[in-house]
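Close look at the chain arrangement
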Amino acid sequence: DNDTMFSLNRLTAVNLGRCLKQKLEGYKSGTIHRSHKTVDLVVTGCEVSLWLAEQFASDLQKVFPNLRILAVSSNKLLGIFGQEDIGVPSLGFPLSENTLEFNDTIMLIVSHSGGTFAPLACSSLFQSMTKNIFVITSEWDSQIGRQLRRMNEGDGLLLNSHIFTTNTGIRPAEPCSLSVVATHQLLTNIFLYISSIILSDEQHRQLTGAMINEKDLHILERCNRDNVYALEEIVGTDCSGSKFESEKERELRNAGEFWAEHVLENA
């Protein structure tokens, strides 16, 4: 989908890039004030989605150390900001209303179903603080997606998409396999896009303290594409859904059958 000229993911990436550029231009001109509490990008989710979000945020923070990038559980955010006068303290974590400021923060919600309670609640709660809310979900028409479309109805922008999709569809009974791989792949593409946006402007590089360069991006892009080819070999199906003979898939299935014959229940 990212390689298609008329792609919703590409359109959403353009809007994400626009929000990032506006923030960096505001820092550069002094029209946006930064404090020690300011969060530039927060990535949130629950369980497996949160684990992927944490890796994404960690990598992005390492290459742009002057930005403040956090990965926070949606449940923790609801506990701190969603309880009106009585917040639930986040014990063991340095998170509170006194350490976090989300005014115009870019928020990336990771939710495969697009309807998990805590991420869904966050997509509504934080609209009072920022309109720069994006979601990564399995399909375009999810509960969080509908909330974000309503949020942007009156902004006057044509096709102001804030929804990234893995295109895996709703898979309620699936173990963490395809959905995780698809989300990881999409986050890698978003990482590449954010990096290319920042590296395209020398002042933005200095402002973010960029520790990555164009050569690094080229290497990562090549590894990213090689990863897709490797996944095709593993499952014996190409990106268009057509099956083909794969020696690697055959080896894995044979190994799985051999292993299954030696599984003992109640042992």
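Re the pairing of strand β2 (residues 69–73)
One face of the sheet, then the other: side chains in a regular strand alternate in exactly this way. Among the five residues in β2, four count as buried, and that is most of the element. The sheet contact formed by strand β1 (residues 41–45) and β2 spans five bridges and is parallel. Counterpart to Gly 45 in the pairing with β2 is Ser 73. In this region the chain leaves β1, passes through helix α2 (residues 47–63) and returns to the parallel neighbour β2; the handedness of that crossover is right-handed.

Here's the deal with unusual backbone geometry
Unlike most non-glycine residues, Asp 104 shows phi in positive territory, near 60°. You can see Asp 104 is positioned in the loop between α3 (74–81) and β3 (106–110). Positioned with a positive phi, Asn 167 is a non-glycine residue whose angle comes to about 60°. By secondary structure assignment, the location of Asn 167 is in the loop between β5 (163–165) and α6 (178–199).

What to know about the packing of aromatic side chains
Throughout the structure, instances matching the rule amount to four aromatic pairs. Here the aromatic rings of Phe 81 and Phe 102 are separated by 5.4 Å at their centres, their planes lie at 70°, and the arrangement is edge-to-face. With Phe 81 in helix α3 and Phe 102 in the loop between α3 and β3, the pair connects residues that are 21 residues apart, well separated along the chain. Residue classification places Phe 102 among the buried residues on the basis of a relative accessible area of 2%. Here Phe 81 and Phe 126 contribute two aromatic rings whose centre-to-centre distance is 5.7 Å and whose plane-to-plane angle is 65°, an arrangement assigned as edge-to-face. One end of the pair, Phe 81, is in helix α3; the other, Phe 126, is in the loop between α4 (117–125) and β4 (133–137), with 45 residues separating them in the sequence. Taken as a pair, Phe 81 and Phe 126 share a single burial class, namely buried. Taken together, the ring pairs connect Phe 81, Phe 102 and Phe 126 into an aromatic cluster. Of note, Arg 34 hangs over the ring of Tyr 27, and the distance from its end group to the ring centre comes to 4.4 Å. Here the guanidinium or amino end of Arg 149 rests over the ring plane of Trp 140, the centre of that ring lying 3.9 Å away.

The rules behind each value
- Residues numbered from 1 in each chain as written.
- Predicted model: local features only at pLDDT ≥ 70, side-chain atom pairs only at ≥ 80, totals over all residues.
- Heavy atoms only, no water.
- Buried < 20%, exposed > 50% of the residue type's maximum accessible area, 1.4 Å probe, protein only.
- Helix = DSSP H or I, 4+ residues; strand = E, 2+ residues; numbered from the N terminus.
- Pairing = 2+ DSSP bridges.
- Right-handed = clockwise from strand over helix to strand, strands pointing away.
- Phe/Tyr/Trp six-rings, centres within 6.5 Å; stacked < 30°, edge-to-face > 60°.
- Lys NZ or Arg CZ within 6 Å of the ring centre and 35° of its normal.

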